[in-house]
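# A look at the structure
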Amino acid sequence: RMPVKRLSEERKEKLDAIGFVWSLRTKRVDDHWDEMFRQLKQYKEENGDCLVPSRYYQNYKLGKWVETQRYEYTKLQRL
C-alpha cells in the first residue's frame, strides 16, 4: 500500500504562488534583516555614510548587525 502524499507538488506550487511562508523561523530572520537594513538606511541619512562601528553605543544591535554583514561578505569573497 502506497503512503498518501498529503502535499503534492501542484499544491506546493499553488501555495508558493501566493507567497506562502514555509518556515516561520526563516520569516523572522528575514524580518529582522529587513528591520536592520531599514535602521542602516536611517543611519546613512543621518551620518552620510554606512560606516557603523561594531561597538556603536547609540544602537548596539545595528553595530553588531553591520559587523556580521561585513563578515558574511568576506566569506562570500573566499568562494
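Everything below is about the structure printed above this text.
Residues numbered from 1 in each chain as written. Predicted model: local features only at pLDDT ≥ 70, side-chain atom pairs only at ≥ 80, totals over all residues. Heavy atoms only, no water.

For the rest of this paragraph, the subject is the packing of aromatic side chains. With the rule as written, the count across this model stands at four aromatic pairs. Look at Phe20 and Trp22: their rings are 4.6 Å apart centre to centre, the planes differ by 70°, and that puts the pair in the edge-to-face class. Looking at Phe20, the relative accessible area reads 41%, which means it is partly exposed. With a centroid separation of 5.5 Å and an interplanar angle of 65°, the aromatic rings of Trp33 and Trp65 are classed as edge-to-face. Placement of Trp33 in helix α2 (residues 24–47) and of Trp65 in helix α3 (residues 60–77) is noted, with a sequence separation of 32 residues between them. Among the residues examined, Trp65 registers a relative accessible area of 8% and is labelled buried. Members of the aromatic cluster, each reached through a chain of ring pairs, are Trp33, Phe37 and Trp65. (Phe/Tyr/Trp six-rings, centres within 6.5 Å; stacked < 30°, edge-to-face > 60°. Buried < 20%, exposed > 50% of the residue type's maximum accessible area, 1.4 Å probe, protein only. Helix = DSSP H or I, 4+ residues; strand = E, 2+ residues; numbered from the N terminus.)

Going through the model one piece at a time under the given rule, you end up with six salt bridges. For Lys12, the salt bridge goes to Asp16, with nearest N and O atoms at 2.6 Å. Of this pair, Lys12 and Asp16 both sit in helix α1 (residues 9–17), four residues apart, which is roughly one turn of that helix. A salt bridge links Asp31 to Lys27; the shortest N-O distance between them is 2.8 Å. (Salt bridge = Lys/Arg side-chain N within 4 Å of Asp/Glu carboxyl O.)

What is shown is where atoms sit, not what they do.
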